[in-house]
Amino acid sequence: MRDPGFFRSRTELVCDDVPLSAIADDVGTPVYVYSAAAIRTRYHALDEAFGGYPHRVHYALKANSTLALVRLLRELGSAVDANSIGEVDVASRAGFEPREMVFTGVGKSPQELARAVPMGLRAINVESAGELERIEAIAAAVDRVARVAIRINPDINARSHRHISTGLKINKFGVPSGVARALVESVRQRPRLQLVAIHVHVGSQITRVEPLREAAAFLAELAAELDSRGVTLEYLDLGGGLGISYDGSYVLSPCEYVGALVDAVRSTRLPIVIEPGRSIVGPAGALLCSVIDLKPRDHESDFAILDAGMTELMRPALYEAFHRIEPARPRAEAPRHYELVGPVCESTDVVGKDRILPALQVGDRLAILDAGAYGAAMASNYNRRPLPAEVLVDEGRWRIIRRRQTIDELLALEE
Ligand code: LLP
């Protein structure tokens, strides 16, 4: 059976049997389209890969926190990883209990901690000695015990893989293991704090197993050492990071990924928490846009100017990320060479460099694929562009889960 999501039915590009051009006709473009079936399948594949090993999937909201998708993930049995108090609020409104949330992030403001500590979250993942103290002070002030996890920077040599090297940012995230040991000791002296886990997250869009296995093994070793010193943890938080295939090349399967994690930590017998974002929602979303202008670029290629660009999907401009781009309804014309660009006044606003597509005309619809993660969530109002609409396809029907922003809404906050 075919994986759910985006595929071609005869010539039309569809999302689970709904033609994308029908959605574009109705809602206009740019519009994000998501497949509920793809999200379900991808969530279950990760969850079920654990077999009987105790675990909990905490979906990373930063990848996409559109409320309807967050509710869908809750129905599937997911918990969440929130990276700001805003994401905690979104999770609460989607029906998650505080005990289903871990609060991660390298910088939590005093206001965020003041809100988070009394909630009784599953854990606040602590990134520094100072943060631990601030959490303790708030816990004392509100007469609570705060559940904390310590995020460790394992200093894993990621030279073998440039994506992880850029994702690791060794100076910013977590604390070195020496500091972590000291923090663990200090938590034991502080009755307002309860250490529930240790945490690693070594990067995102990881397509090889080694760094993930290494990070998990690192955490398992530290957990065993802590255990021998009488520190019992509730679980190990192994972060997110499982990559997806943007260009059709090989990536890890959920089973290979989870198998490596479980093998690495099994001897600790501790339950595993993972925080996947991209691997659940990435391939389940596409950004549907229209060609709004065409003009010659050089003697062999043309510019196709789209009504979506870096404001709707920042990844190509920010990381030179590659996304497949396909016509919703290809013309039976000879292929041509295009530079697919957005309308924003920046020369980095290129969504597809050097693409060969059947000859385009103004008004044609294109789908930018694998845009479900870090797409809508990172959209901006630059150039006063309203945030795009979002549509969810579910069981052959579709509905708008977020309508297009209006200029009035955009200005509502201003004098
Ligand atoms: N947990 C923590 C602590 C994280 O920092 C992240 C992502 C995740 C989990 C989820 O990682 P995932 O499973 O999605 O790889 N905007 C970039 C990606 C930034 C990832 C930030 N942290 C992009 O579009 O590629």
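Residues numbered from 1 in each chain as written. Predicted model: local features only at pLDDT ≥ 70, side-chain atom pairs only at ≥ 80, totals over all residues. Heavy atoms only, no water.

**What to know about the sheet that holds strand β6 (residues 79–82)**
Defined as follows: Whether two strands pair comes down to DSSP finding at least two bridges between them. The helix and strand labels rest on DSSP assignments: H or I over at least four residues marks a helix, E over at least two residues marks a strand, and numbering proceeds from the N terminus. Angular values range over 0 to 180 degrees, each being the angle between N-to-C directions of two axes fitted as lines to C-alpha atoms, with helices fitted over their stretch in contact.
Pairing within the closed barrel is parallel, and its eight strands lie in the order β5-β6-β7-β8-β9-β10-β11-β12. Ignoring which end each strand starts from, the neighbouring axes of this sheet average 30 degrees apart. With three bridges connecting them, strand β10 (residues 193–199) and strand β11 (residues 235–237) associate as parallel partners. Its bridge partner lying in β11, A197 is registered against Y235.

**Regarding the domain arrangement of the protein**
Worth spelling out the cut-off: Segmentation into domains, and thus their bounds, comes from an automatic or database assignment. When checking whether two residues touch, look at their non-hydrogen atoms; a contact exists if any pair is within 4.5 Å. Using a 1.4 Å probe, buried area is obtained as the accessible area two parts lose upon being combined, added over both of them. Throughout this description, the term salt bridge denotes a Lys or Arg side-chain nitrogen within 4 Å of a carboxyl oxygen of Asp or Glu. Polar contact is defined as a pair of N or O atoms within 3.5 Å, subject to the rule that within protein one atom must be able to donate a hydrogen and the other to accept it, and that residues adjacent in sequence are counted only when both atoms are side-chain atoms. Classification convention: Asp, Glu, Lys, Arg as charged; Ala, Val, Leu, Ile, Met, Phe, Trp, Tyr, Cys, Pro as nonpolar; all other residues, Gly among them, as polar.
What the domain assignment reports for the protein is domain 1 (6–35 + 284–414) and domain 2 (50–278). With centres defined by C-alpha atoms, the gap from domain 1 to domain 2 works out at 33 Å. With 16 residues of domain 1 in contact, the opposing surface of domain 2 contributes twelve residues. Each partner contributes to the roughly 1,200 Å² buried at the junction of domain 1 and domain 2, and carbon and sulfur atoms together form 59% of this total. For the interface between domain 1 and domain 2, the tally reads zero salt bridges. Where domain 1 touches domain 2, the interface holds five residue pairs in polar contact (both at pLDDT 80 or more). Within the residue set of the side of domain 1 that touches domain 2, elements represented by two or more residues are β19 (389–394) and β20 (397–402). Here the element with the most residues in the side of domain 1 that touches domain 2 is β20; it accounts for three residues. Per-class residue counts for the side of domain 1 that touches domain 2 are seven nonpolar, three polar and six charged.

**Let's talk about the site of the ligand**
Filter applied, for reference: Near is defined per residue: the residue qualifies when any heavy atom it owns lies within 4 Å of the molecule or strand. Only the protein chains shown count as cover for residues, and all accessible areas are computed by the Shrake-Rupley method using a 1.4 Å probe.
Lining the immediate environment of the ligand, one finds 17 residues, of which S204, E275, R315, Y319 and Y374 sit closest. The contact in question runs from an oxygen atom of the ligand to an N or O atom on the side chain of R315, over 2.6 Å. Considering the ligand on its own, with 590 Å² of exposed area, one finds that the protein chains cover 87% of that surface. For the shell around the ligand, the per-class residue count stands at five nonpolar, six polar and six charged. Both domains that furnish three or more residues to the shell around the ligand are identified here as domain 1 (6–35 + 284–414) and domain 2 (50–278).

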